[in-house]
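# Remarks on the overall topology
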Amino acid sequence: VTVLFPDRSRPRVLAVLRSGAVVEPTPADRALFGAVWTAGRRTVAGDSGPVPWAVVNGLRGAAETERAWLRSVGDPGERARIAEQIPGVGSGGLFVVGSNHDAPAAHVHAGQAAQRIVLTSALLGYAAEVVGWPADFRGVGSLPSSVGGPGLFPQLLVVVGRPASA
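The structure contained in this document is the topic of the report that follows. All values reported here derive from a predicted model rather than from experimental measurement.

## Topic: the nonpolar core
Core analysis: the biggest nonpolar cluster contains 25 residues, and Leu70, Val97, Ile117 and Val160 have the highest contact counts within it. Looking at this core, the elements with two or more residues in it are helix 1 (27–39), helix 2 (53–65), strand 4 (93–99), helix 4 (104–123) and strand 6 (153–161). Examining the composition of this core, we find that seven residues originate from one element, helix 4, more than from any other. Setting aside residues no more than four positions away along its own chain, Val160 makes contact with Val44, Val51, Leu59, Gly92, Gly93, Phe95, Ser121, Tyr126, Ala127 and Ala128. Formed by 12 residues, the second largest nonpolar core is a distinct cluster that contains Trp69, Val73, Ile86 and Ala127.

## With respect to the environment of Trp37
On the secondary structure map, Trp37 appears in helix 1. Given a relative accessible area of 52%, Trp37 falls into the exposed group. Taking C-alpha positions, Trp37 is 9.4 Å from Leu119, a pair spaced 82 residues apart along the chain.

## Quick word on the sheet that holds strand 4
Ordered by their spatial adjacency, four strands build an open sheet running 3-4-6-5, and the pairing between neighbours is antiparallel. At either end of the open sheet lies a strand with only one pairing partner, and these are strand 3 (69–72) and strand 5 (127–132). Neighbouring strand axes in the sheet, compared pairwise and without regard to direction, differ in orientation by 35° on average. With five bridges joining them, strand 5 and strand 6 adopt antiparallel strand pairing. Residue pairing for strand 6: Ala127 is matched across the bridge by Gly161. With respect to the sheet, helix 2 is in contact with strand 3, strand 4 and strand 6, its orientation differing from that of strand 3 by roughly 150°.

Rules and cut-offs
Residues numbered from 1 in each chain as written. Predicted model: local features only at pLDDT ≥ 70, side-chain atom pairs only at ≥ 80, totals over all residues. Heavy atoms only, no water. Core = buried A, V, L, I, M, F, W, Y, C linked by side-chain atoms within 4.5 Å. Buried < 20%, exposed > 50% of the residue type's maximum accessible area, 1.4 Å probe, protein only. Helix = DSSP H or I, 4+ residues; strand = E, 2+ residues; numbered from the N terminus. Contact = heavy atoms within 4.5 Å. Pairing = 2+ DSSP bridges. Axes fitted to C-alpha atoms, helices over the stretch in contact; angles between N-to-C directions.

So, to be careful, I would describe these as geometric facts and stop short of saying anything about function.
This is the structure in structure tokens:
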């Protein structure tokens with residue numbers, strides 16, 4: 001059992017871990033574990049093209065499992081504006097991983113969501129790369145209203161697409 005940032009008076013304590021009931025990993029958990037060895041070596045191909053909705057839905061579920069959300073940047077003008085400011089956006093689908101608050105625990109959840117997205121992408125035959133962090137967003141000014149707004153805090157930018165050939 002993990003409790004993130006358990007004591008506000010001790011902000012340097014990231015988490016407290018306690019022994020809980022033994023739980024067998026699900027088949028999905030086992031598959032994600034198996035993807036650890038290949039997912040980190042995959043990069044998005046330069047001519048990746050759009051990401052199928054079935055893959056997007058799988059990635060959205062991966063983010064939600066980690067208490068985060070996933071939104072796509074679909075407008076070509078907005079994507080181009082972001083690409084001018086943040087290197088690595090390239091081709092493929094551009095997605096924002098975010099949270100509903102901007103507390104330290106939300107940052108951890110967004111990081112966990114990004115890792116689950118990378119692994120899930122690999123299982124689905126795609127590659128995912130984190131290309132932008134909150135500090136990068138300041139240079140962009142603001143992200144499109146389709147991925148931000150009241151109570152929505154963008155945390156990471158992720159590009160998803162077909163993997164580059166090795």
